[in-house]
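Residue-level structure breakdown
What follows is the residue order along each chain.
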Amino acid sequence: ATEKELAIDETRKLITEANRLWRNGNYTEAFPLAERALAVREKELGTENLDVSQAVLVLANLYDDKGDYDRAELFYQRALKIREKLLGKDHISVSLILNNFATLYKDKGEYGKAEPLLLRALEIREKELEPNHLLIASVLLNLGNLSKEKNDKVKAALYYQRVLEIREKALGAESVEVADALNNIANLYDDVARAEPLYLRVLAIKEKFYGPDHQETGQTLYNLAVLYAENGNFEKAKPLCERSLAILEKTIGAEHPYTSYPLNLLALIYKNTGDYAKAESLYLRSIAIKEKTQGPDHPFLGGAISNLAGLYAVKGEIDKAIATQTRANAILEYNARLNLPTGSEREKVSYLQTLLTVENQTLWLNVKIAPTSAAAAELALTTILQRKGRVLDAMSDNLSVLRRRFNKEDQLLLDDLNDTTTRLVGLVLEGSQKISADEYQKKIKELEQKRENLESEISRRSAGFYQQTKPVTLAAIQETIPENAALIEIVAYRPIAAKGSEFGIKDLPLPEALENLRYIVYVVRKQGEVKWKDLGEAKPIDASINLFRQALRDPKRQDVGQLARAVDEKVMSPIRAFLGDASQLLISPDGLLNLIPFEALIDAQNHYLIEKYAVTYLTSGRDLLRLQTPRESKSNPLLIANPSFDLPDETQTAKLTKPATRNAKRQSLTATRSLSDTYFAPLGGTMQEARSIQTLFPDATFLTGAQATESALKQITAPRILHIATHGFFLPDDETSGNAKIENPLLRSGLALAGANQRKSGGDDGILTALEASGLNLWGTKLVVLSACDTGLGEVRNGEGVYGLRRAFVLAGTESLVMSLWPVSDYVTRRLMTDYYKNLKQGMGRGAALRQVQLEMLKEKEHRHPFYWASFIQSGEWANLDGKR
């Protein structure tokens, strides 16, 4: 053999030994061997060689496990570049680097970067290998781990189950690889009954295979201790945690990032057993390790710091608690901005759930621990402004990027999303009469999964545009508040039980012992301190709201004033003390407060709120920043009215276009059992409404009768105004299609268009669901008016608003929306809308124009009941159509 061959042969031995040491956690001895192997190979083979890439990969793995992520990232990039160049991007060995590289990003908390690498690795392996190959299982395991970190337990469970099946078949039920799969499945369970048997089985396998003092054994002991601690059994958790800590300190070192986990858990145990001094010491040590090994912005560091803030709060060290919580929230917000642009809507919701307990702790710190602290109030409000309605923002951002960029690939992707939505809607509306219930549900799930995959792809394509956005600050939002206005931010939250908080057992916040849901309100003006008030438990407030809503829907009810006063006393009376000279209210409600017109509340002087204040509704005060972005309309106003629900022939047309009677209502379907047995009556009066508007805006396109189709509406491109006068519907969540429940709230609300009574199959079935409306291109539309019943209703989700048409049209891109909260009189609505557009034409604001009409109606004895004048509310931009406030 030549000297070169001998040298290369020696490096193989070095690599083999370095890998052995790495797998045993002996990094100190492994590093010099790997570094020496790389140096020799570079000297003998050059920099672009497969043997060189192998040595580079070994060092990348070592740096990754050591916690030196920046250096590991550089080595993974180099190894990947060499293999892709020499072997091609779809070679099986490239998937190995992709798999490990993705794990690095997961460990860094950069989930959006990790997932595409794992999916690419899986695609390569599934193409080259048998379906049940162990290399496929390893990628699936990492995808499960990633889903778990994002709090998507449903997807994680699916991945883990497939891993378990592959490994049990290939390796046997007692293999350590099967134990790893069982361990990860157990991690998804919070209850002892399901998780404990799995952990004990895993522990037995690992102690037998590795021995009682191995790192793998220590990790399993930690997981078991977490389970007991989560369930309040600290006596059982403590010795397991101590043993885990001792093993990890001995095997991987006292400063390794994995060692910080049992330190954090042990701190929690001491805190809950009253030894605050030991708890603080352990928290600080855990945090120091994380800062050194995982960097200053890691989400687990944010969770650990939040734990420490909770300890300071329990100890009564208020200034320390606020400062520490502020730092924790900043880290977690950084990670939210990093990760929320990626994933489907469901995945975004799951991810935000990981931050909910920190949000509750921040509000608890303000309300219960530091009620007189201005800093605590500002921190609480800032957190609300950053989190509330965040998924709606993220989804809207993803779609708006593609709509503005709109290259050929983007168009095809959006077309695919809309086509899949149409197929899903068609299946839901058709019901399951023609096929078995099981087959029907299977088809529904397949289409829903395809939509979710397309949403994820849209997020991936648009994520880079938003990753560099600045964090939302209270100061930035205050700058946008007009001098005469007050921002009213209401949030539903659960305060921590009086016994104290128990946060971050797994280094991320977990659900804790919480009190009943409450409403809290924050009021902020352009200048001055934040004002706040705990409004009390949500249950009695919601009960008053429900009674008020029932009275609003019936013009014959004589007790509407009394019920309006009751809600005002609970909600607005405490707020009114903070309003000063404000004449405009920018209200961001939460919970059932989303479903009432605040304008119809009555104060102690027997005056409606509308008589003193102009009101605009926001999803979050953060909307004030979004409204600063200019949007250009792409086409003239579009008016849609009096659709031919039966697509009649000429002999029927005259009958159906006859004006509606004075007492007709634009139909509400909230009382029907399903769309399948609902008949949409003609609305001839809406023809006059649209004609009146067209005289004011002569450049408007007018679609009516058989032209007012779903397909025509779907083809629009950002008209300046979109006015739709028809029937609206929202079906409660117990409604069915055939014999199958409709779970998605955006499939249970919508608008009736031409052919709605005929329920044709395909993309023009006459029903535009909210889910389909969310796919409209309205980026640049100044105003959408839904002149129909119940268009502001939907499924209320705390922190995210109302899932229905109002959410759909925001997703579609409109600046402002006028919608209804109950069935409306056709005659009164025609008059209200005509006068509204007259005011708009004269240059009045989108909010002020509506208020002016409502005040005029309020003066009329026959229309004084809020049923007539208060059904429509305005949300979003309140300026006039030219943008002047």
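Values in this document were obtained by computation on a predicted structure and should not be read as measured data.

1. Some thoughts on unusual backbone geometry
- Even without being glycine, Asn 606 reaches a positive phi, approximately 65°.
- Owing to a relative accessible area of 55%, Asn 606 belongs among the exposed residues under this scheme.
- The phi torsion at Ala 718 lies on the positive side, around 45°, for a residue other than glycine.
- Judged by relative accessible area, Ala 718 falls into the buried class, the value being 0%.

2. Digging into the environment of Ala 246
- Topologically, Ala 246 is positioned in helix H12 (residues 234–251).
- Here the alpha-carbon distance between Ala 246 and Thr 259, two residues 13 residues apart in the chain, equals 9.1 Å.

3. Observations concerning the packing of helix H1 (residues 3–23) against helix H3 (residues 50–66)
- Where H1 contacts H3, the two axes come as close as 11 Å, and the packing angle between them is 20°. If you check the angle between H1 and H3, you find them roughly parallel. Regarding H1 and H3, the two cross each other, and that crossing is left-handed. For the pair H1 and H3, the contacting residues are Ile 8, Arg 12, Ile 15, Ala 18, Asn 19 and Trp 22 in the first and Asp 51, Gln 54, Ala 55, Val 58, Asn 61, Leu 62 and Asp 65 in the second.

4. Remarks on the pairing of strand S6 (residues 638–643)
- With six of six residues buried, S6 is to be regarded as a mostly interior element.
- Taken together, the four bridges between S6 and strand S9 (residues 721–725) define a ladder with parallel strand orientation. The partner of Ile 640 across the bridge, within S9, is Ile 724.
- Note: S6 against strand S8 (residues 701–705), five bridges, orientation parallel. Opposite Leu 639, over in S8, you have Phe 702 as the bridge partner.

5. Remarks on the pattern of salt bridges
- Tallied over the entire structure, the rule returns 59 salt bridges.
- Its salt-bridge partner being Arg 557, residue Asp 559 comes within 2.8 Å of it at the nearest N-O pair.
- Residues Asp 882 and Arg 720 are paired through a salt bridge, measuring 3.2 Å at the closest nitrogen-oxygen approach. Of the two residues, Asp 882 is situated in the segment after strand S20 (872–876) and Arg 720 in the loop between helix H30 (710–714) and S9; the sequence distance between them amounts to 162 residues.
- Look at Asp 882 and you get exposed, because its relative accessible area is 62%.
- Salt bridges linked by common partners bring Asp 152, Lys 155, Arg 346, Glu 347 and Glu 452 together as one network.

6. Describing the environment of Ile 575
- Counting through the fold element by element, Ile 575 comes out in helix H26 (residues 572–576).
- Here the alpha-carbon distance between Ile 575 and Glu 48, two residues 527 residues apart in the chain, equals 68 Å.
- Beyond its immediate chain neighbours, meaning those up to four positions away, Ile 575 contacts Ile 488, Ile 490, Val 521 and Val 523.

7. Points about helix H14 (residues 276–294)
- With 19 residues, H14 extends 26 Å between its outermost C-alpha atoms, agreeing within 8% with the 27 Å of an ideal straight helix rising 1.5 Å per residue.
- Its buried side turned inward, H14 meets helix H4 (69–87), helix H13 (260–272), helix H15 (299–315) and helix H16 (318–339).
- Count one or two residues on from H14 and you reach Gly 295, which has phi positive near 90°.

8. Focus on the nonpolar core
- Counting residues in each nonpolar core, the largest one holds 131 residues, and the members touching the most others are Leu 59, Leu 62, Tyr 76 and Leu 265.
- Per element, the largest residue contribution to this core is nine residues, and it comes from H3.
- Leaving out residues up to four positions away in the same chain, Tyr 76 has contacts with Leu 57, Ala 60, Asn 61, Asp 64, Ile 97, Asn 100, Phe 101 and Leu 104.
- Core analysis: the second largest hydrophobic core is formed by 120 residues, Val 521, Leu 731, Leu 753 and Tyr 836 among them.

9. Regarding the packing of aromatic side chains
- Considering all chains together, one arrives at 14 aromatic pairs under this definition.
- Ring plane angle 40° and centroid distance 5.9 Å describe the contact between Phe 645 and Phe 680, whose orientation is recorded as tilted. Pair noted here: Phe 645 is in the loop between S6 and helix H28 (650–656) and Phe 680 is in the loop between strand S7 (665–666) and helix H29 (685–696), with a separation of 35 residues, a long-range link. In terms of burial, Phe 645 and Phe 680 fall into one category: buried.
- Through pairs of rings, three or more aromatic residues link up here, namely Phe 31, Tyr 63 and Phe 75.
- Positioned over the ring face of Tyr 261 is Lys 290, at 4.0 Å from the centre of the ring.
- When the ring centre of Trp 878 is taken as reference, the NZ or CZ atom of Arg 885 above it lies at 4.0 Å.

The rules behind each value
- Residues numbered from 1 in each chain as written.
- Predicted model: local features only at pLDDT ≥ 70, side-chain atom pairs only at ≥ 80, totals over all residues.
- Heavy atoms only, no water.
- Buried < 20%, exposed > 50% of the residue type's maximum accessible area, 1.4 Å probe, protein only.
- Helix = DSSP H or I, 4+ residues; strand = E, 2+ residues; numbered from the N terminus.
- Axes fitted to C-alpha atoms, helices over the stretch in contact; angles between N-to-C directions.
- Parallel < 35°, antiparallel > 145°, perpendicular 65-115°, else oblique.
- Left-handed = near helix turned anticlockwise from the far one by under 90°.
- Contact = heavy atoms within 4.5 Å.
- Pairing = 2+ DSSP bridges.
- Salt bridge = Lys/Arg side-chain N within 4 Å of Asp/Glu carboxyl O.
- Expected span 1.5 Å × (residues − 1).
- Core = buried A, V, L, I, M, F, W, Y, C linked by side-chain atoms within 4.5 Å.
- Phe/Tyr/Trp six-rings, centres within 6.5 Å; stacked < 30°, edge-to-face > 60°.
- Lys NZ or Arg CZ within 6 Å of the ring centre and 35° of its normal.

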